[in-house]
Amino acid sequence: MSDISAAETRPLAGRYALVTGATRGIGRATALALAAAGAHVIAVGRTAGALEELDDAILKAGSTATLVPLDMKDGAGIDRLGGALFERFGMLDVFVGNAGVLGPITPLAQVEPNEWDDAIAVNLTANWRLIRSLDP
């Protein structure tokens with residue numbers, strides 16, 4: 001019999017973790033690590049199919065997920081998210097604001113205003129809105 005307790009192998013059991021940009025790269029790896037640690041992962045991403053693939057991987061890791069298809073440029077959707085999560089779970093233990101876009105790789109004078117606005121909306125404004133929405 002092992003001397004390792006469940007708390008040591010799944011220290012986030014019973015905890016809720018929100019990860020934005022959860023379907024690829026660092027966000028996916030973070031969501032899977034949180035799931036392996038026992039957290040219920042609230043995975044936010046733009047693509048339903050990629051979220052479903054992540055859900056399958058999280059289930060394999062022995063945890064559960066709530067999938068939230070949401071574009072981080074959807075300010076009203078972000079604003080509703082905190083209240084919806086509070087209604088459903090009553091708490092949030094971990095927030096990983098990972099969603100981000102690189103934007104155009106070009107001299108600044110050649111960046112179009114809409115490209116600039118998109119990068120700021122995802123990389124900066126979305127996290128401000130998320131913190132406002134999730135804080136209560």
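Residues numbered from 1 in each chain as written. Predicted model: local features only at pLDDT ≥ 70, side-chain atom pairs only at ≥ 80, totals over all residues. Heavy atoms only, no water.

Draft legend 1. Representation of helix H4 (residues 75-89). A rise of 1.5 Å per residue sets the reference length of H4, with its 15 residues, at 21 Å; its end C-alpha atoms lie 22 Å apart and thus fit the reference within 8%. At Leu81, H4 shows its maximal kink, close to 25°. Of all the residues in H4, the buried ones are Gly75, Gly77, Ile78, Leu81, Gly82, Leu85 and Phe89. (Helix = DSSP H or I, 4+ residues; strand = E, 2+ residues; numbered from the N terminus. Expected span 1.5 Å × (residues − 1). Bend = angle between axes of the 7 residues up to and from the residue. Buried < 20%, exposed > 50% of the residue type's maximum accessible area, 1.4 Å probe, protein only.)

Draft legend 2. Summary view of helix H2 (residues 25-36). Between its terminal C-alpha atoms H2 stretches 17 Å, which fits the 16 Å expected from twelve residues at 1.5 Å a residue. Within the span of H2, buried status applies to Gly27, Ala31, Leu34 and Ala35. Taken down its axis, H2 places every buried residue within 100° of arc, on the same side. Those residues of H2 that are exposed and aimed more than 90 degrees away from the buried face are Gly25 and Ile26. Of the surrounding elements, those touching the buried residues of H2 are strand E1 (16-20), strand E2 (40-45), helix H3 (48-60) and strand E4 (94-96). Where H2 ends, the next residue or the one after it, Gly38, has phi of about 105°, a positive value. (Arc of directions from axis to C-beta. Contact = heavy atoms within 4.5 Å.)

Draft legend 3. Representation of the packing of H2 against H3 in the model. Running from amino to carboxyl end, H2 crosses H3 at an angle of 30°, the nearest separation of the two axes being 9 Å. The orientation of H2 relative to H3 falls into the category roughly parallel. Between H2 and H3 the crossing geometry is right-handed. Seen from H2, the contacting residues are Arg28, Ala31, Leu32 and Ala35; seen from H3, they are Glu53, Leu54, Ala57 and Ile58. Residue composition of the contact of H2 with H3, grouped by class: six nonpolar, no polar and two charged. (Axes fitted to C-alpha atoms, helices over the stretch in contact; angles between N-to-C directions. Parallel < 35°, antiparallel > 145°, perpendicular 65-115°, else oblique. Left-handed = near helix turned anticlockwise from the far one by under 90°. Nonpolar A, V, L, I, M, F, W, Y, C, P; charged D, E, K, R; others polar.)

Just geometry here; none of it tells us what the structure is for.
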